[in-house]
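# Chain and residue survey
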2 protein chains.
Amino acid sequence: MPVPAEFDQLRVVLAATRNPLNIGAAARAMSNFGFAQLRVVNPYGIAFREARSAVGAPGLLANAQEFTSVAEAVADCQLVVGTTDARQRELQHRLRVLKEGAKLVRKQLASGPVALLFGSEKRGLANEDLSHCHWLLRIPTREEHSSMNLGQAVAICLYELARESHEAIEPEKLEMASAGELERITGVLLESLRASGYLKPGTTAPTEEKIRRLVRRFKLSAVDAEVVLGMLRQIVWKMKSS
Amino acid sequence: MPVPAEFDQLRVVLAATRNPLNIGAAARAMSNFGFAQLRVVNPYGIAFREARSAVGAPGLLANAQEFTSVAEAVADCQLVVGTTDARQRELQHRLRVLKEGAKLVRKQLASGPVALLFGSEKRGLANEDLSHCHWLLRIPTREEHSSMNLGQAVAICLYELARESHEAIEPEKLEMASAGELERITGVLLESLRASGYLKPGTTAPTEEKIRRLVRRFKLSAVDAEVVLGMLRQIVWKMKSS
C-alpha cells in the first residue's frame, strides 16, 4: 500500500516502557504500517539501549527521540490521544472505541501533528500523563482480560489507522468457467460414471440434472475447468481401453 | 464486550513457531478478544514448553493442542485460511485483504469450525501448509516492510474478527465439507489419476500440492463432498478391477 503523506504527522509516544522488546515491536509495527516518528519518554535506560538493536526497523529506532516528560514529547501536537484498557477507574476523559477514535485521528493528521500515547506495561498511563490528553482510546477487549501486550496494542492501533487508507487493492477478477465448459465437464463426468458402474445404464433425466447442478456448484474458474476436463478424459479413456 | 458464541469455533493454528514469546503473545491476544482454541503444529519443543509459563493466558496455553501435521490440526475445520505477507511470489491461492477476509471467516464461524493458520517467524507457511488452505489472508502493510511480528499479526487478525462483533452476522447456510473430508477426496482423486495414467508413477510433492489446492477451490458442501467421494471410489474400483 502507498503510505498517505499525513502519516508523517503521527507521533507514537511510549511513556516509561520497561521491556526493550516492546519498544522494538512498536517500531516494527510502525514500519509495517508506514509511520516513522517514534518518541520515548523515560524508558528504563537499558530498555531503550537494547531496543536499538531490535529486529525489523533499525533506522526508525535510531531516529527515535528521547524526552524526559510527556509534556515535552507532545509539545508540538495539536491533538494528544491516550490509550487505555479502561481498568483505570475514574476516567475523567471522553473514552472512544478505537474504530471511532481512529477516524478522528485521521482527520486531524490531515491538518497537523497528533500524539498517540502508550503507558508502561504494568500500569498504563499515569494520571499526570493522562492530564495531557484530549481524549482516550480503547481497544475493545473482553472485560475479564482487557490488559493487552504493549507491542500488540500499538500494532492494532496503527493497523486501524491505516485500515481505510488503501481501499480497493487487488480487485482480483478470477475468470470463471463458461457454461459451455461446465457442460463439457458434465458430459465427460457422466460418461465416467456410467463406465465405472456408478450410474446404471438407462440413467434417468433427473439423475443427469443432479450431476449437472453438482458441477455448477463447484464454482470452477476457467483454468481449473480445463484441468478437470483433462483429468476426466484420461480416466474415461483408461476405463474404456481396459 | 460480550464474546459471541461462535468465537469458540475458531482454531488459531501456529505452525512451526520458533519463539516461545510468540506463542505466549498469540495466547494473550486470543484471551483479550475471546478466542480459546489454540493449536500448535511442530513447535520447536522448547518453544512450546517455555510458552506454557508465559504471562497472560495460562489456562488457554495449558489447553492448547499439539499436532505433528497441519493436515491433522485442521481436519475438523470447514474453512482453512492461511495468513501471508505475500512475499511468497507465485501465490496460487485467492488472496484477500484482512478486512474482507474477516467477514467471510465470521460468516463461516456461525456454522462450523474455521482454522486460521500462521507460519513460522522466518519463513511463513510452507507450500505443503498452504496446500491445505482454501484461501489466504493478508494484513495490508507497506510493501517495503511487509514482514510482521507473529504475535502482532495474530493480534491484528483477531482484533479485526472481533471488531464488528456487535453487529449481527448472518450465518452461512450451507454446511461445508471439513478439511478431513477434502483430504480424503484428495487422496482418492490422486489414486484415480495415478491409475488412469494422468499422473506418472513417482509423482512429486508439488504436483500433489497442486491437486490438493484444486480440490479446496471447489468449495464443496458436506453433502456434495460425500457424493464426489462416492463417485471417485467407484471409478478407482473400476480401474483397478479391470
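Here we summarise the structure given alongside this text. (Residues numbered from 1 in each chain as written. Chains lettered and ligands numbered in written order. Predicted model: local features only at pLDDT ≥ 70, side-chain atom pairs only at ≥ 80, totals over all residues. Heavy atoms only, no water.)

A separate point is the interface of chain A and chain B. Opposite the 60 residues of chain A that make contact, chain B presents 61 residues. Summing the contributions of chain A and of chain B, the shared interface buries around 5300 Å²; its carbon and sulfur component is 57%. Scanning the region where chain A abuts chain B turns up five salt bridges. Across the salt bridge formed by Arg217(B) and Asp224(A), the nearest N and O atoms sit 2.5 Å from each other. The interface formed by chain A and chain B includes 27 residue pairs in polar contact (both at pLDDT 80 or more). For the side of chain A that touches chain B, the elements supplying multiple residues, two or more each, are helix 1 (20-33), helix 5 (98-109), helix 7 (150-163), helix 8 (179-196), helix 9 (205-217) and helix 10 (222-241) of chain A. Looking at the side of chain A that touches chain B, its residues break down into 28 nonpolar, 18 polar and 14 charged. (Contact = heavy atoms within 4.5 Å. Buried area = accessible area lost by both parts, 1.4 Å probe. Salt bridge = Lys/Arg side-chain N within 4 Å of Asp/Glu carboxyl O. Polar contact = N/O pair within 3.5 Å; in protein donor to acceptor, adjacent residues only side chain to side chain. Helix = DSSP H or I, 4+ residues; strand = E, 2+ residues; numbered from the N terminus. Nonpolar A, V, L, I, M, F, W, Y, C, P; charged D, E, K, R; others polar.)

Grouped together as the largest cluster of nonpolar side chains are 80 residues, with contacts concentrated most on Leu10(A), Leu38(A), Leu158(A), Leu10(B), Leu38(B) and Leu158(B). In this structure Leu10(A) touches Phe35(A), Gln37(A), Val105(A), Leu109(A), Val114(A), Leu116(A), Leu158(A) and Leu161(A), once residues within four positions along its chain are discounted. Ranked by size, the runner-up nonpolar core spans 42 residues in total, among them Val236(A), Ile185(B), Val188(B) and Val236(B). (Core = buried A, V, L, I, M, F, W, Y, C linked by side-chain atoms within 4.5 Å. Buried < 20%, exposed > 50% of the residue type's maximum accessible area, 1.4 Å probe, protein only.)

The next point concerns the sheet that holds strand 2 (residues 37-41) of chain A. Paired through backbone hydrogen bonds, the strands of a sheet run either parallel or antiparallel to each other. Residues and elements named next belong to chain A. Strand order in the open sheet made by the seven strands is 3-2-1-6-4-7-5, with parallel pairing throughout. Unpaired on one side and paired on the other, strand 3 (65-67) and strand 5 (95-97) mark the two borders of the sheet. On average, each strand axis in the sheet is inclined to that of its neighbour by 30 degrees, with strand direction left out of account. Of the pairings in the sheet, the one linking strand 4 (residues 79-83) to strand 6 (residues 114-118) comprises four bridges and is parallel in character. Residue pairing across strands places Gly82 opposite Leu117, the latter belonging to strand 6. Packed onto the sheet, helix 7 meets strand 1 (10-15), strand 4, strand 6 and strand 7 (135-138) and runs at close to 150 degrees relative to strand 6. (Pairing = 2+ DSSP bridges. Axes fitted to C-alpha atoms, helices over the stretch in contact; angles between N-to-C directions.)

With that out of the way, let us pick up the pairing of strand 6 (residues 114-118) of chain B. Residue and element names in this part refer to chain B. When you tally the buried positions in strand 6, you get five out of five residues, the bulk of the element. Because side chains alternate across strand 6, one face comprises the buried residues Val114, Leu116 and Phe118, and the other comprises Ala115 and Leu117, equally buried. In terms of strand pairing, strand 1 (residues 10-15) meets strand 6 through five bridges, oriented parallel. Paired with Val12 across the bridge in strand 6 is Leu116.

As a further point, take the pattern of salt bridges. Under the definition given, this model contains 25 salt bridges over all chains. Close ionic contact of Glu144(A) with Arg142(A) constitutes a salt bridge, the shortest N to O distance being 3.9 Å. What makes Glu144(A) exposed here is its relative accessible area of 64%. With a closest N to O distance of 2.7 Å, Arg163(B) and Glu160(A) form a salt bridge. Highlighted residues: Arg163(B) in helix 7 (residues 150-163) and Glu160(A) in helix 7, drawn from two different chains. Each member of the pair, Arg163(B) together with Glu160(A), is buried. Through salt bridges with shared partners, one network takes in Arg163(A), Glu164(A), Lys99(B) and Glu160(B).

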